[in-house]
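Chain by chain, the residues:
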Amino acid sequence: MEKAEAKRVLERAREMWEAEEWLRAAELYEQVLAHYPDEKASAVWWYDAALAYKFLRDWDKACELGREAAARSPRGEQDPAFWNLGVAATIQRDWATARDAWAGFGITLPAGEGEINGAFGPACVRLDTGGEREVVWIQRLCPTRGRVMNVPATQGRRFGEIVVHDGEPTGERMYDGRSVAVFDELLVFEPSPLPTLRTTVNAADASDVDALVASFFARDFGAEPASSFHVLCACCSEGRVDWDASGTPTHSGSQTVWLAAPESEARRLLDAWVEGGERSWEGLELFA
């Protein structure tokens with residue numbers, strides 16, 4: 001391929017990129033890169049091609065081209081080529097590549113080899129299942145994976161799932177004076193074995209509901225009363241929300257509670273909870 005032709009192909013690739021024709025854009029970049037892999041601008045072409053495959057959720061190609069982009073990018077300077085490679089390699093469960101990519105980005109990882117299971121703090125993830133868009137809290141295990149710590153109200157989603165999220169924040173939550181980013185979910189990395197159940201409880205005091213939630217979390221299960229949910233429009237959800245200021249305290253009376261536990265364990269914990277005061281429950285059913 002002559003350079004004049006390569007220039008025309010690159011112009012066409014950029015047009016396809018602007019039109020969000022990701023596959024065609026990536027293919028055109030690859031045509032040029034087959035002949036000019038190490039030009040001064042090649043790192044950008046490798047990056048854009050890999051990113052296009054990421055948009056397409058073609059993780060094999062995103063990882064393959066991402067390695068080339070990262071190899072031509074500066075290490076330790078938070079270059080996004082390393083981040084995107086880390087995401088793709090994590091999804092591929094290529095832990096050696098993922099570890100090297102995160103280190104290349106400039107992130108300190110727990111020592112060792114293989115799967116990364118560290119303590120990277122809390123974050124929020126916007127689930128997107130069948131048009132539903134629910135934001136849940138996660139405990140991050142690595143820069144791009146986290147365990148869901150809420151009981152989702154979205155049908156088919158579960159407490160304890162491990163999800164992979166994107167790296168660009170699409171919202172912010174303020175909690176206890178700390179800013180926590182909201183990321184969009186890319187996929188479910190590991191499903192949760194815990195079913196979601198739904199029941200109706202009646203409690204004389206809000207502290208009784210808090211006690212129920214605490215009893216489930218003490219067993220590494222989940223409990224989410226209806227009064228803990230907050231409905232936001234898309235604009236607000238993608239903006240900054242002060243969780244302390246906007247939060248509604250758990251209330252007493254009758255309300256639905258979503259539970260994440262084996263049914264037999266849920267019944268046992270509910271029965272034990274009833275013995276603690278003016279409390280009752282009824283109608284335990286499978287939700288997801």
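Residues numbered from 1 in each chain as written. Predicted model: local features only at pLDDT ≥ 70, side-chain atom pairs only at ≥ 80, totals over all residues. Heavy atoms only, no water.

Novice: Run through the overall build of the protein chain, naming residues and quoting values.
Specialist: Helices and strands together make up the secondary structure of the protein chain, namely ten helices and eleven strands. For the protein chain, the spread of C-alpha atoms along the principal axes amounts to about 80 × 40 × 35 Å. In the protein chain, which comprises 288 residues, the share counted as buried stands at 45%. Excluding contacts between residues fewer than 6 apart, the proportion of contacts in the protein chain whose partners are at least 24 apart in sequence is 59%. Accessible area for the protein chain stands at about 14,100 Å²; split by element, carbon and sulfur atoms hold 48% of it. (Helix = DSSP H or I, 4+ residues; strand = E, 2+ residues; numbered from the N terminus. Buried < 20%, exposed > 50% of the residue type's maximum accessible area, 1.4 Å probe, protein only. Contact = heavy atoms within 4.5 Å. Areas by Shrake-Rupley, 256 points an atom, 1.4 Å probe, with all protein chains shown as cover.)

Novice: Explain helix 3 (residues 42-55) to me, and be specific about the residues and the numbers.
Specialist: With 14 residues, helix 3 should cover 20 Å at 1.5 Å per step; its first-to-last C-alpha distance of 20 Å lies within 8% of that length. Of all 14 residues that make up helix 3, eleven are buried, and the element is covered over most of its length. Among all positions in helix 3, only S42, A43, W45, W46, D48, A49, A50, L51, A52, Y53 and K54 are buried. Buried residues belonging to helix 3 abut helix 1 (3-18), helix 2 (22-33), helix 4 (59-71) and helix 5 (80-91). Just downstream of helix 3, R57 is the residue with a positive phi angle, here 60°. (Expected span 1.5 Å × (residues − 1).)

Novice: Tell me about the environment of R279, residues and numbers included.
Specialist: Within the element layout of this structure, R279 appears in strand 11 (residues 279-286). We classify R279 as buried; its relative accessible area is 16%. Spatially, the C-alpha atoms of R279 and S252 are 10.0 Å apart, while their sequence positions differ by 27 residues. With residues near it in sequence (within four places) discarded, R279 still touches N202, D208, A211, W273 and V274. Within the local environment of R279, its side chain forms a polar contact with the side chain of D208, the two groups lying 2.9 Å apart. Only 2.8 Å separates the side chain of R279 from the backbone oxygen of W273, close enough to count as a polar contact. (Polar contact = N/O pair within 3.5 Å; in protein donor to acceptor, adjacent residues only side chain to side chain.)

Novice: Before we move on, could you go through the packing of helix 2 against helix 3 and cite the residues and values that matter?
Specialist: Orientation of helix 2 relative to helix 3, taken along the N-to-C sense of each, is 150°, at an axis distance of 9 Å. As the angle between them shows, helix 2 and helix 3 are arranged roughly antiparallel. The crossing of helix 2 and helix 3 is left-handed. Residues W22, L23, A26, E27, Y29, E30, V32 and L33 of helix 2 form the contact with helix 3, whose participating residues are S42, W45, W46, D48, A49, A52, Y53 and F55. When grouped by side-chain class, the residues that make up the contact of helix 2 with helix 3 number twelve nonpolar, one polar and three charged. (Axes fitted to C-alpha atoms, helices over the stretch in contact; angles between N-to-C directions. Parallel < 35°, antiparallel > 145°, perpendicular 65-115°, else oblique. Left-handed = near helix turned anticlockwise from the far one by under 90°. Nonpolar A, V, L, I, M, F, W, Y, C, P; charged D, E, K, R; others polar.)

Novice: Explain the packing of helix 7 (residues 206-217) against helix 10 (residues 263-274) to me, and be specific about the residues and the numbers.
Specialist: Axis separation between helix 7 and helix 10 bottoms out at 10 Å; the angle between their running directions is 145°. Here helix 7 runs over helix 10; the crossing is right-handed. On helix 10, the residues touching D208, A211, L212, S215 and F216 of helix 7 are A266, L269, L270 and W273.

Novice: Help me get a handle on the confidence of the model for the protein chain, residues and values and all.
Specialist: Scored by pLDDT, the protein chain has a mean of 90; 92% of the residues are at 70 or more. Residue range residues 232-237 is modelled with pLDDT below 50. Its contacts to residues more than four positions away, or to other chains, number ten contacts. (pLDDT = per-residue confidence, 0-100.)

Novice: Please provide a residue-by-residue account of the environment of A203, values included.
Specialist: With respect to the helices and strands, A203 occurs in strand 7 (residues 196-203). Expressed as a C-alpha distance, the spacing of A203 and Q255, which sit 52 residues apart in the sequence, is 8.8 Å. Apart from the residues lying within four places of it in its own chain, the contact partners of A203 are D208, V209, S252, G253, W273 and E278.

Novice: Would you mind going over the packing of aromatic side chains in detail, with residue names and values included?
Specialist: This model, assessed by the stated rule, comprises eight aromatic pairs. Arranged with centres 6.1 Å apart and planes meeting at 70°, the rings of W95 and F189 form a pair that is edge-to-face. Pair noted here: W95 is in helix 6 (residues 95-105) and F189 is in strand 6 (residues 178-190), with a separation of 94 residues, a long-range link. The buried category is assigned to W95, whose relative accessible area is 12%. Accessibility expressed as a relative area gives 6% for F189, which makes it buried. Between F159 and F217, the aromatic rings sit 5.9 Å apart at their centres with planes inclined by 85°, giving edge-to-face as the arrangement. One end of the pair, F159, is in the loop between strand 3 (145-148) and strand 4 (162-165); the other, F217, is in helix 7, with 58 residues separating them in the sequence. (Phe/Tyr/Trp six-rings, centres within 6.5 Å; stacked < 30°, edge-to-face > 60°.)

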